[in-house]
Amino acid sequence: MPAKYIALVSRQGKLRLAKWYTTLSPKEKTKTIKEVSQLVLARRPKQCNFVEHKDTKVVYRKYASLYFIAGIGLDDNELLMLEIIHRYVEVLDRFFGNVCELDLIFHFQKAYFILDEMVMAGELQEASKKTVLRCLAQQDEAEAVEYAERGWADINLEGVARTALLTVQEFKQSFSR
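Cut-off values and rules
- Chains are numbered independently. Their residues run from 1 in the order of the written sequence.
- For this predicted model, a pLDDT threshold of at least 70 governs which residues receive local features, and a threshold of 80 or more governs which side-chain atom pairs are given and counted, while totals over whole chains, interfaces and linings are taken from all residues.
- Side-chain metrics in this entry use all non-hydrogen atoms of the structure; hydrogen atoms and water are not considered.
- UniProt positions are given in the numbering used here, feature names are shortened, and annotations may be inferred rather than shown by experiment.
- Here, nonpolar core means buried Ala, Val, Leu, Ile, Met, Phe, Trp, Tyr and Cys residues that are tied together by side-chain atoms lying within 4.5 Å of each other.
- Relative accessible area decides the class of each residue, using a 1.4 Å probe on protein chains only: under 20% of the type maximum gives buried, over 50% gives exposed, and in between gives partly exposed.
- Going along the chain from the N terminus, every DSSP run of H or I of four or more residues is numbered as a helix, and every run of E of two or more is numbered as a strand.
- The contact criterion used throughout is that any non-hydrogen atoms of two residues lie within 4.5 Å.
- A pair of strands counts as paired when DSSP detects no fewer than two bridges linking them.
- Whenever a helix is involved, its axis is fitted only over the stretch in contact; in every case the axis is a line through C-alpha atoms, and angles between N-to-C directions fall within 0 to 180 degrees.
- Any angle that is under 35 degrees is reported as roughly parallel, and any over 145 degrees as roughly antiparallel; angles of 65 to 115 degrees are reported as roughly perpendicular and all others as oblique.
- The crossing is said to be left-handed when, going from far helix to near helix, the turn is anticlockwise and less than a right angle, and right-handed when the turn is clockwise.
- Nonpolar side chains (Val, Leu, Ile, Met, Phe, Trp, Tyr) within 5 Å and like charges within 9 Å form the patches, drawn only from residues with over 30% relative accessible area and no salt bridge.
- Using a 1.4 Å probe, accessible areas were evaluated by the Shrake-Rupley method; residue-level cover was limited to the displayed protein chains.
- Counted as salt bridges are all cases of a side-chain nitrogen of Lys or Arg within 4 Å of a carboxyl oxygen of Asp or Glu.

Per an unreviewed UniProt entry, the protein is named AP complex subunit sigma, and its organism is Coemansia thaxteri. Turning to the protein, the UniProt annotation filed under Sequence similarities (unreviewed entry) states: "Belongs to the adaptor complexes small subunit family."

Okay, here's the thing in structure tokens:
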């Protein structure tokens, strides 16, 4: 049951994550995401979580302010895809501790890593939450060792990035007055 793509879209229609398992041009990818997002966002909460779009079946599920969307073949099992989406959300919840949209914005690389650990070439590869979380812990450990070796262990890179962003915004505001 290979998925053609998996995407996370906010309630406002902003793309937060997209993983493609088929080859399409960037223009086709953008067009597909836009069409599918509009299709899903326009549906009412009581409607079915499956809808056809061109040659794919779109399976989606809403969690808080995010829509988790997957495109699968017309003959593939929608319920299995719903279960894969739910398992992905469970792992995100365990890792981030009640995941929210901001976690995915600021730590998108972790969200992609989790997805890559679970799904490969559109097929579910690892269903065990414990195994995926163990791989994440090992990756975090390896990162910490690498940062320590480079002398970055005491530097809060996220804090540095936020400070730089605020400084740029303040600089722009001073010229706009």
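Undergrad: Describe in detail the nonpolar core, supporting the description with residues and values.
TA: In this structure, Ile 6, Phe 68, Met 81, Tyr 88, Leu 92, Leu 104 and Ile 114 are the most contacted members of the largest nonpolar core, which totals 29 residues. Elements with a contribution of two residues or more to this core: strand S1 (3-10), strand S4 (56-63), strand S5 (66-73), helix H2 (78-96), helix H4 (108-118) and helix H5 (129-150). By residue number, the principal contributor to this core is H2, which donates nine residues. Among all residues touching Tyr 88, those that are not within four sequence positions of it are Leu 8, Leu 17, Phe 68, Ala 111, Tyr 112, Ile 114, Leu 115 and Met 118. Grouped together as the second largest cluster of nonpolar side chains are 13 residues, Tyr 5, Ala 18, Val 36 and Tyr 60 included.

Undergrad: How would you explain unusual backbone geometry if you had to name every residue and give the values?
TA: Phi at Lys 54 is positive, roughly 55 degrees, even though this residue is not glycine. Here Lys 54 shows up in the loop between strand S3 (50-53) and S4. Even without glycine at this site, Ala 121 takes up a positive phi of about 55 degrees. Along the polypeptide, Ala 121 turns up in the loop between strand S6 (119-120) and strand S7 (123-124).

Undergrad: How would you summarise the pairing of strand S2 (residues 15-20) if you had to cite specific residues and measurements?
TA: Of the strand pairs in this sheet, S1 and S2 are connected by five bridges, and their pairing is antiparallel. Bridge pairing in S2 links Tyr 5 to Trp 20. Between S1 and S2, which pair antiparallel in sequence order, lie four residues; one of them, Gly 13, sits at a positive phi of approximately 90 degrees.

Undergrad: Residues and numbers for the packing of H2 against H4, please.
TA: Where H2 contacts H4, the axes come no closer than 10 Å and their chain directions differ by 135 degrees. With respect to each other, H2 and H4 are oriented oblique. Note that H2 runs across H4; the crossing there is right-handed. Contacts between H2 and H4 involve Ile 84, Arg 87, Tyr 88, Val 91, Leu 92, Phe 95 and Phe 96 from the former and Lys 110, Ala 111, Tyr 112, Ile 114, Leu 115 and Met 118 from the latter.

Undergrad: Describe in detail a nonpolar patch on the surface, supporting the description with residues and values.
TA: Side chains of Leu 102, Ile 105 and Phe 106 sit close together on the surface and give an oily, nonpolar patch of about 270 Å² of accessible area. Along the chain, Phe 106 falls in helix H3 (residues 101-106).

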